[in-house]
Amino acid sequence: MTDNSGFRLAIDIGGTFTDTVLVDGQGHILATTKTATTPESPDIGAVEGARRVLAMADANWDQIGGFIHGTTLATNALIERRGAVVATVTTDGFRDILEIAYERRFSQYDINLVKPDLIVPRSRSFTIGGRMDARGAEIHPLDEAAVDRLAEELAASGATAVAICLLHAYANPAHELKLRDVLQAALPDLVVSLSHEVSPEAREFDRLSTTIANAYIQPQMAQYLAAFEARFTKEGLACPILMMTAGGGMTTVETATRLPIRLVESGPAGGAILAARIAAETGEREVLSFDMGGTTAKLCLIDGYRPQTARKFEIARAARFIKGSGMPVRIPVIEMIEIGAGGGSIAQVDRLGRLQVGPESAGSEPGPAAFAKGGTDPTVTDADVMQGLIEPSRFAEGRLAIDIGATQLALERGVGQALDVDAEQAAFAISEIVDENMASAGRMHAVESGKDLSARLMIAFGGNGPLHATRVARRARVDRILIPRDPGVGSAVGFLFAPVSFEIVRSRYETLDTLDAQGLNAFFDAMISEAQSVVRAGAPVGALVQRRQGFMRYHGQGHEIAIPLPDRALEDKDIPALRDSFEAEYSRQFSRAVPGMSIEILNWALEVSSEPHALQHPPEIAATQAAQPAGHRSILCDVTGDWCEADIYDRAALRPGDHLSGPALITEPQTTTFVSADFAAHVDGGGNIWLTRTPERAQ
């Protein structure tokens, strides 16, 4: 960070709440808070949260030496289709890349199939003459004589942003750069995104789609980031603001403004970073991260203390959970599954009498009916309130009153009348549906990754994660859960452990048999220089760490496997080891290697980051003792479906070594941990709560 001796501030703007965390120079949390997100001007809620934690810690703006920010604005703009009017420019003869896409239907036999909305219609798809080959050699020069006509067409189309994606620009960007300069001279207000900067990889459809997504949100994000920076500067912030990225690192505001597509899913990435760090501190090698907020739930698999990563994901799928039904975006990203299942998710009964929950959310305005801010639709939070699982006096740090009468009315009108049940049964049904939705999403994500959930530790956080963790875990056949300290603002806490980093994935075709080690090392040197310039803007001092990968496949295959490379210049003697690594990983995934096949590498990846923060392992516990409840509360038992008495514990009063049995509620200002009747809990030396399933107790 910019000043390790100063305080550091992290702000995560979600769809419902904005989470703020302040830590000292040693990483000790000084204050946390949740404020309602202000959708029209998200910086307003962010400033309110910052002021609040500074007041709680009796600190001033000039004491802040580091500021990390993550936001859902980029994600929401793409999902809700609130972006610029985008046109595309492709190489002459390739106008219909978007229309052709993958040349297949994502649901083969669906006669009512709805194709993904890829933002740009054919009427705003333009072409330009000129051609590069796959090695970057110029076949035909750029048709500069046609640029004036192209500029006129772009202006007439009403486009405010353009995505330029010329054939093989990843190998030689000269034509894209020249076209950008000429267009910006003719149309100075036009926002230009270049494919070789956004996604410098082969596969034209993915590269074009990613560049379109970047161009679509670039004007809005540039305006937002400028306003955000100006507001905090006016407050007195003197240090630079670093932005969380989808890949789990941090970057500068300048880079985020140029490549805002890397901010998509930046908030959830912070949660995965937190879970990975806790996994390393507790020695848990196989983990399921479960982050449930007010709008969505996010699940991520973590193995060997690293979140599962990907180079591609989809936005706004036309069919939930079906690959190929969304807009593909090809950037380095922490791989997770996200569903519309949060505290604000709205429950409704469809015309066939089926109860459905989400993905629509009441958000922060008006919010659930329980918030008494004008919301009338029944939500997951309303269901939790009706079942007695939320302590009204402590909800949202006691600053948001809970209206139980409004909750009951919303449940009766929105669900109860249609299903002929009372409010309590409606609430129980909503919980059953949403918890099963989250568990099934986790099971599907694990199966697609070839992994098993049952042996994993679930790390649950977010405003609603601890409240639903035992219910989701039971359905996912997970028997152990960890609730970290300050779970309600878990993603923001994760920001503070993320390194300043930048990852580049670039295409360069090679085969292992004819690998040009010298040329490849020069190729990596150029990537290192580019990545280091970005990282040094956010981490000007300190050692930097490199991680290299090659994406390999057998000749003729369509997809690659990521194989780690030595973090140094390659030598000819490394080639046999690379072959062995590929065949070992291929055998792990597909049971056997293919003898005698040539191995080719299409893409190469480089990640440069600042050094990771030191781990803090929980100390050993000297003694154990039964925790003493602070009170009791009647709740609707999720195991039996009957009302029962649950013990209430104040988390701040729990000591290392304390243990208790469910049913119980462990309350804290920003969330509640629900210990179901078939779970027991204990507190470790670091203050983490461990929940263990004991099925015999539920009999």
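Residues numbered from 1 in each chain as written. Predicted model: local features only at pLDDT ≥ 70, side-chain atom pairs only at ≥ 80, totals over all residues. Heavy atoms only, no water.

Trainee: Explain the sheet that holds strand β31 (residues 643-650) to me, please; I cannot follow it from the model alone.
Mentor: Sheet strands pair by backbone hydrogen bonding; their relative direction is either parallel or antiparallel. The strand order β30-β31-β33-β34 describes an open sheet built from four strands, whose pairing is mixed. Only two strands of the sheet have a single neighbouring strand rather than two, namely β30 (631-636) and β34 (671-675). Averaged over neighbouring strand pairs, the angle between their axes works out to 30° when direction is ignored. (Pairing = 2+ DSSP bridges. Helix = DSSP H or I, 4+ residues; strand = E, 2+ residues; numbered from the N terminus. Axes fitted to C-alpha atoms, helices over the stretch in contact; angles between N-to-C directions.)

Trainee: Looking at this structure, I do not really get the environment of Ile 64. What am I missing?
Mentor: Relative to the assigned elements, Ile 64 resides in strand β4 (residues 64-71). We classify Ile 64 as buried; its relative accessible area is 4%. Linking Ile 64 and Leu 22, residues 42 residues apart in sequence, is a C-alpha distance of 8.9 Å. (Buried < 20%, exposed > 50% of the residue type's maximum accessible area, 1.4 Å probe, protein only.)

Trainee: Got a minute to help me understand the sheet that holds strand β27 (residues 561-565) in this structure?
Mentor: Strand order in this open sheet of four strands is β25-β28-β26-β27, and the pairing throughout is antiparallel. The open sheet has two edge strands with one neighbour each: β25 (501-511) and β27. For this sheet, the mean angle separating the axes of adjacent strands, direction not counted, is 25°. Of the strand pairs in this sheet, strand β26 (residues 544-554) and β27 are connected by five bridges, and their pairing is antiparallel. Bridging from a neighbouring strand, Met 552 pairs with Ile 561 of β27.

Trainee: I keep staring at the packing of aromatic side chains and nothing clicks. Help me out?
Mentor: Think of a pair of aromatic rings as described by two things: how far the centres are apart, and how the planes are tilted against each other in angle. Using the criterion set out here, one finds 13 aromatic pairs in the structure. Note on Trp 61 and Phe 232: the rings are 5.8 Å apart at their centroids and 75° apart in plane angle, and the pair reads as edge-to-face. Of the two residues, Trp 61 is situated in the loop between α1 (42-56) and β4 and Phe 232 in helix α7 (residues 204-235); the sequence distance between them amounts to 171 residues. The residues Trp 61 and Phe 232 share a single accessibility class, namely buried. (Phe/Tyr/Trp six-rings, centres within 6.5 Å; stacked < 30°, edge-to-face > 60°.)

Trainee: Would you mind going over the packing of helix α11 (residues 404-419) against helix α12 (residues 423-448) with me for this structure?
Mentor: For any two helices packed against each other, the geometry is given by the interaxial angle and the distance between the axes. Relative to each other, α11 and α12 sit at 70°, their axes nearing to 9 Å. For the element pair α11 / α12, the angle class is roughly perpendicular. Across the interface between the two elements, Gln 408, Leu 411, Glu 412, Val 415 and Gly 416 from α11 touch Ala 423, Ala 426, Ala 427 and Ile 430 from α12. Taken together, the residues of the contact of α11 with α12 sort by class into six nonpolar, two polar and one charged. (Parallel < 35°, antiparallel > 145°, perpendicular 65-115°, else oblique. Contact = heavy atoms within 4.5 Å. Nonpolar A, V, L, I, M, F, W, Y, C, P; charged D, E, K, R; others polar.)

Trainee: How should I be thinking about helix α15 (residues 517-538) in this particular structure?
Mentor: The α-helix advances 3.6 residues per turn, and as a result positions three or four apart in sequence lie on the same side. Relative to the 32 Å expected for 22 residues at 1.5 Å per residue, α15 spans 31 Å between its end C-alpha atoms, a close match to the ideal helical length. Listing the buried residues of α15 in full gives Ala 517, Gly 519, Leu 520, Asn 521, Phe 523, Phe 524, Met 527, Ile 528, Ala 531, Val 534, Val 535 and Gly 538. (Expected span 1.5 Å × (residues − 1).)

Take it as geometry only, folks, not as evidence of what the structure does.
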